[in-house]
Amino acid sequence: MKIVTLTLNPALDKSTSVERMIPEQKLRSAAMQIDAGGGGINVSKGIAKLGGHSTAVFPVGGHNGGLLRSLVEDAGIATATVEIKGETRENISVLETTSNLQYRFTLPGAPIGLADAQACLNQVRTLQPDILVASGSLPPGLPETYFEEVAEFAKQINAKFILDTSGKPLQHAADEGVFLLKPNLGELSALSGVPELALNRVDDAALEIINAGKCEVVVVSLGPQGALLVTRDGFEHIPAPTVKKVSTVGAGDSMVAGMVWALSTGKSYLEMVQTGVACGSAATMNTGTKLFDRERVDELLEWIRTFSSKYRLTDF
Ligand SMILES: Nc1ncnc2c1ncn2[C@@H]1O[C@H](COP(=O)(O)OP(=O)(O)OP(=O)(O)O)[C@@H](O)[C@H]1O
Ligand SMILES: [Mg+2]
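Residues numbered from 1 in each chain as written. Chains lettered and ligands numbered in written order. Predicted model: local features only at pLDDT ≥ 70, side-chain atom pairs only at ≥ 80, totals over all residues. Heavy atoms only, no water.

A look at the site of ligand 1
For step 1, the next point in the chain: For ligand 1, the set of nearby residues contains 18 residues, the closest of which are Asn 184, Ser 221, Gly 223, Gly 226 and Gly 252.
For step 2, the next point in the chain: A distance of 3.0 Å is found between an oxygen atom of ligand 1 and a side-chain nitrogen or oxygen belonging to Lys 182.
For step 3, the next point in the chain: Protein burial of ligand 1: of its 630 Å² of free accessible surface, 78% is covered by the chains.
For step 4, the next point in the chain: A majority-of-atoms criterion places ligand 1 in the second largest pocket.
For step 5, the next point in the chain: Only helix H8 (251-264) and helix H9 (269-283) provide two or more residues apiece to the shell around ligand 1.
For step 6, the next point in the chain: Classifying every residue of the shell around ligand 1 by side-chain character gives 8 nonpolar, 8 polar and 2 charged. (Near = heavy atom within 4 Å. Polar contact = N/O pair within 3.5 Å; in protein donor to acceptor, adjacent residues only side chain to side chain. Areas by Shrake-Rupley, 256 points an atom, 1.4 Å probe, with all protein chains shown as cover. 1 Å grid on protein atoms, 1.4 Å probe; cavity = no way out; pocket = protein on both sides within 12 Å on 5 of 7 lines; lining within 4 Å. Sits in = over half its atoms within 2 Å of the grid points. Helix = DSSP H or I, 4+ residues; strand = E, 2+ residues; numbered from the N terminus. Nonpolar A, V, L, I, M, F, W, Y, C, P; charged D, E, K, R; others polar.)

A short note on the nonpolar core
For step 1, the next point in the chain: With 43 residues, the main nonpolar core has Leu 6, Leu 132, Tyr 146, Phe 147, Phe 161 and Leu 181 as its most contacted residues.
For step 2, the next point in the chain: Those residues in contact with Leu 6 that sit more than four places away from it in its chain are Gly 40, Val 57, Cys 120, Leu 121, Val 124, Leu 132, Val 133, Ala 134, Ser 135 and Val 150.
For step 3, the next point in the chain: Counting residues in hydrophobic clusters, the runner-up holds 37 residues, among them Phe 179, Leu 229, Met 255 and Val 256. (Core = buried A, V, L, I, M, F, W, Y, C linked by side-chain atoms within 4.5 Å. Buried < 20%, exposed > 50% of the residue type's maximum accessible area, 1.4 Å probe, protein only. Contact = heavy atoms within 4.5 Å.)

Next comes the structure, spelled out in structure tokens:
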């Protein structure tokens, strides 16, 4: 199955560290680490780590854009990019090692207009994916309804659309209808139109979303509690193993990567979510932008499978 990821708001993530943040002084810093960032690009990186293939579609601008594209390609990922005017944005994070505090600077990037976003969709059309994944926020300049158009477009090209975003853009896309949603508790509450969801209401809330035609599968991610898989046929809770948490940055994208990869290799929904939870939990064992190590995923998956086969209630 052909996988395409769509990242409308990509960035260069630059990180360094200093012993102490002191104003007015030259601060001796570690060598700058530069990574390609943005939801869909992270998902593509995760899929590559699992040995799968995907093509990443994203806009690129200026020198930053060129560097972004080569970083993605160096990770063994095929790219289909759209040239935009101006520079691709960059984020800078500085870790103060004495306090372990992170200072994060988000720099403005070139705006991405509707025509650029449309050109990205044209790239997707040319690639004819079986699975289309969009993750991350929308850049300023695009309307909140943008993912609704992507959802409609995915139906036209017969692709399974997996969307991991939040707020109004998520609601609009859900109203159009997608294949799979992976909300966390906050996102699920917002989708259900309530300020906060009790844990024992999560299954009903997810089922209501399915019954309203918003998607076929809901995977509610529950952080250290793992995830809840909900389809028309039933529910299953997939627990997350207890791990030594270093940073939860990238857990959501790693989870989506694991799920997409499993789905593309013909796995059941249960195995899909088990793989997703394993990747998400493995990601929390690594620092910031590193996502996960493949060996960790295999170990955690083994734990999750054993646990599930002992205690599972429903057949998927
Ligand atoms: N503290 C943790 N311990 C173990 N696993 C975790 C932990 N936090 C997250 N995970 C794993 O990562 C998956 C996704 O995490 P989470 O539910 O926090 O997603 P999210 O809120 O969408 O994250 P993101 O901020 O990356 O978008 C979980 O289902 C779980 O497998
Ligand atoms: Mg998330």
